[in-house]
Amino acid sequence: MGSLGTAAMTRMDDRLPWYRALSAEDRSWVGLVAQAGIAAFVEWFQHADEGRPTPSIEIFGTAPRELKRSVSLQQTVDLVRIVVEVVEAEVQDLAAPGGEELLRQAMLRYTRDVAFAAAHVYAREAEVRGAWDARLEALIVDALVRGEVDDGLHSWAAALGWTSSPVVVLAGYAPDADPQTVIDGMRDKGRRLGQDLLAGVQGDRLIVIVGGADSIKDAARHVVPRFGPGPIVIGPEVPDLHAAASSARAATAGLRAATGWPDAPRPVLAEDLLAERAIDGDDDARAQLIENVYRPLEGTPLLDTLATYLEQGTSLEATARLLFVHPNTVRYRLKKITELTGYLPTEGRSAFTLQVGLILGRLSRATVT
């Protein structure tokens, strides 16, 4: 048995480049597994007529658990094949006279069972790893939704192999299916697209975090069909996973407020729901509207022009009469308002958002006073 084990190790070193690249400790463990397999075969063959089952799975207990991370299933198959070749080459010397064929048949049966045992070991490890990955994924999604971002988040993400940027968070409703099936489908889709993707089902909500997409539109296109009926809200793009809490916060706030805009597109940007989010009590949306709408106009004639224009039902002539200016002056000021705020007062949705921004700005000034 010692000579067979040595011969097997020598042949592995000659034919398997990945084996030569292993650390000395891992190579030693591989050698022990090979020798344990040969010893177990000899012991089993001596008592084969007693109906003893093959000890195929026990031989892998020789190695530490970490070895399964250094040696893949395919590489394990290569090892088994080489050990079989070494033993087959010695069949004439090992077998009793006339027993060569019996020994070969026993080897085929034994190595078959060893191969199945190897597959079983790696499948069990994959299940354990999958369950652990699912737990980490749920922790990351939950932490981002709660806004609890710390160094632990980076450790969890690194354990899952997350490296992508930028990052976008989508929030919607989960379909009527097993949550884990939904998440697995999302993950497989992301893997095929070459994107990092995390997902979590929280009650009736489905939260998806996409990393590495070329654009927000690209990130949404492939995952939207996986959501259930109802609105889907896309948070703003952020540079990395650490900053994704703000995107998750905007997406989930948008999902809560989406019922205020029944005709919203699907999916809809959280930025397009600022007015509804602000009315629903989202402090981030309120601060953003005050900063983007009220502050740029404060202390200028543009503020009075916008307020009058909206109060007069977006009538250009009525606004001009009340302000004692020419209608072209009103047109010019409305154009400046669009340049400063990004919202077009003559468009319905934009006018609504501007109106909410003005009200919030006035309330903030009243609070300060």
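Residues numbered from 1 in each chain as written. Predicted model: local features only at pLDDT ≥ 70, side-chain atom pairs only at ≥ 80, totals over all residues. Heavy atoms only, no water.

Named according to an unreviewed UniProt entry, the chain is PucR family transcriptional regulator originating from Sphaerisporangium corydalis. Reading the Sequence similarities (unreviewed entry) entry of the UniProt record for the chain gives the comment "Belongs to the CdaR family." (UniProt positions renumbered as here; feature names shortened; annotations may be inferred.)

**Quick look at the pattern of salt bridges**
Throughout the structure, instances matching the rule amount to six salt bridges. Measuring nitrogen to oxygen at the nearest pair gives 2.5 Å for the salt bridge that ties Arg249 to Asp284. Linking Arg249 in helix H11 (residues 244-257) with Asp284 in helix H13 (residues 283-297), this pair joins segments that are 35 residues apart in sequence. A salt bridge links Arg277 to Asp282; its shortest N-O distance comes to 2.9 Å. Its relative accessible area of 11% is what places Asp282 among the buried residues. (Salt bridge = Lys/Arg side-chain N within 4 Å of Asp/Glu carboxyl O. Helix = DSSP H or I, 4+ residues; strand = E, 2+ residues; numbered from the N terminus. Buried < 20%, exposed > 50% of the residue type's maximum accessible area, 1.4 Å probe, protein only.)

**Digging into the sheet that holds strand S1 (residues 167-173)**
Taken in spatial order, the five strands line up as S2-S3-S1-S4-S5 in an open sheet, and their pairing is mixed. The open sheet has two free edges, formed respectively by strand S2 (196-202) and strand S5 (268-269), since each of these has just one partner strand. Strand direction decides the pairing type here: S1 and strand S4 (residues 233-234), joined by two bridges, are antiparallel. Counted as the bridge partner of Leu170 is Ile234 from S4. Each of S2 and strand S3 (205-211) touches helix H9 (residues 179-193); the most contacted strand, S2, lies at about 165° to it. (Pairing = 2+ DSSP bridges. Contact = heavy atoms within 4.5 Å. Axes fitted to C-alpha atoms, helices over the stretch in contact; angles between N-to-C directions.)

**Comments concerning the nonpolar core**
Met12 and Tyr19 are the most contacted members of the largest nonpolar core, which totals 29 residues. It is helix H5 (residues 73-89) that provides the largest number of residues to this core, a total of seven residues. Discounting residues that sit within four places of it in the chain, Met12 has contacts with Tyr19, Val30, Ala34, Leu79, Ile82 and Val83. Membership of the second largest hydrophobic core comes to 26 residues, among which are Ile290, Leu302, Val330 and Ile337. (Core = buried A, V, L, I, M, F, W, Y, C linked by side-chain atoms within 4.5 Å.)

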